[in-house]
Amino acid sequence: MTRLLFLGPPGAGKGTQAKVLADRCEIPHISTGDILREAKAKGTPLGQEAQGYMERGELVPDRLILDLIRDRLQQVDAQKGWILDGFPRNPSQASFLDQLLQEIGQRYDGVVNLEVPDEVVVSRMLARGRSDDNEETIRHRLEVYRQQTAPLIDFYSDRNSLIGIDGDRPVEEITESLQQLIQPS
Ligand code: AMP
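Residues numbered from 1 in each chain as written. Predicted model: local features only at pLDDT ≥ 70, side-chain atom pairs only at ≥ 80, totals over all residues. Heavy atoms only, no water.

A. Representation of the nonpolar core. Formed by 25 residues in total, the largest nonpolar core has its most connected members in Ile69, Trp82 and Tyr156. Of all elements in the fold, only β1 (2-7), α3 (45-56), α4 (62-73), β3 (81-85), α5 (91-104) and α8 (151-157) reach the threshold of two or more residues within this core. Here Tyr156 is in contact with Leu5, Leu7, Pro88, Ala94, Leu97, Tyr108, Val111, Ser161 and Leu162, once residues within four sequence places are set aside. Phe6, Ile27, Val112 and Val121 belong to the second-largest nonpolar core, a separate cluster that totals 19 residues. (Core = buried A, V, L, I, M, F, W, Y, C linked by side-chain atoms within 4.5 Å. Buried < 20%, exposed > 50% of the residue type's maximum accessible area, 1.4 Å probe, protein only. Helix = DSSP H or I, 4+ residues; strand = E, 2+ residues; numbered from the N terminus. Contact = heavy atoms within 4.5 Å.)

The following block contains the structure:
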């Protein structure tokens, strides 16, 4: 059973790595960013409400995210494990997750922190060209990350749950380090 949280600045490669690992473990890769982008593309009420925040590089309000996570972790496919990518994103989401996991009788195995320097993050994001990846939004997302998400590094490190991974390496090497986490040799 693998249950992992993925932390790291935007552009650190969380999505890519979380997806590869989830595929290998045959468990769902649960990305709140992907869920929101899909909702936006479909024009659902969630997508419509989230759109402005996403385009400005801000976090969407917790109320749009929490019920969605509660439902997702209780679906059948999530009973054999999961990788959460992009959630939690601030201390109140982290407390909510603690409570929720207790309530539904699950726990996480660890919190992967993909460490990548700022200048690498900016050039990677500019290269990927997503609609919320213009330079001004990127700078704002990094600021939001520093203010709201980075405090979670201490939060999980204080619980001895944090696993630091150097994300400034070739993709395959990072995947290899992550693979060793789930299959300790
Ligand atoms: P991501 O793909 O994880 O970088 O997320 C893209 C955008 O979706 C973010 O810039 C936020 O606007 C929004 N988002 C994703 N996950 C969350 C979350 N857990 N809480 C609030 N907003 C989120």
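Here the narrative resumes, following the displayed structure.
B. Looking closely at the packing of helix α1 (residues 14-25) against helix α9 (residues 171-182). Where α1 contacts α9, the axes come no closer than 10 Å and their chain directions differ by 45°. Classified by the angle their axes make, α1 and α9 are oblique. As for the relative orientation of α1 and α9, their crossing is right-handed in sense. When α1 is examined against α9, the residues Thr16, Gln17, Val20, Leu21, Arg24 and Cys25 are found in contact with a partner set consisting of Val171, Ile174, Thr175, Leu178, Gln179 and Ile182. Partitioned by chemical class, the residues of the contact of α1 with α9 number seven nonpolar, four polar and one charged. (Axes fitted to C-alpha atoms, helices over the stretch in contact; angles between N-to-C directions. Parallel < 35°, antiparallel > 145°, perpendicular 65-115°, else oblique. Left-handed = near helix turned anticlockwise from the far one by under 90°. Nonpolar A, V, L, I, M, F, W, Y, C, P; charged D, E, K, R; others polar.)

C. Highlighting the environment of Gln106. Along the chain, Gln106 turns up in the loop between α5 and β4 (110-115). By relative accessible area, Gln106 is classed as buried at 8%. Along the chain, Gln106 and Gly33 lie 73 residues apart, while their C-alpha atoms are 23 Å from each other. Those residues within four positions of Gln106 in sequence are excluded, and the remaining contacts are Arg3, Leu73, Ala78, Gln79, Trp82 and Leu101. A polar contact is formed between the side chain of Gln106 and the side chain of Trp82, at a distance of 2.8 Å. (Polar contact = N/O pair within 3.5 Å; in protein donor to acceptor, adjacent residues only side chain to side chain.)

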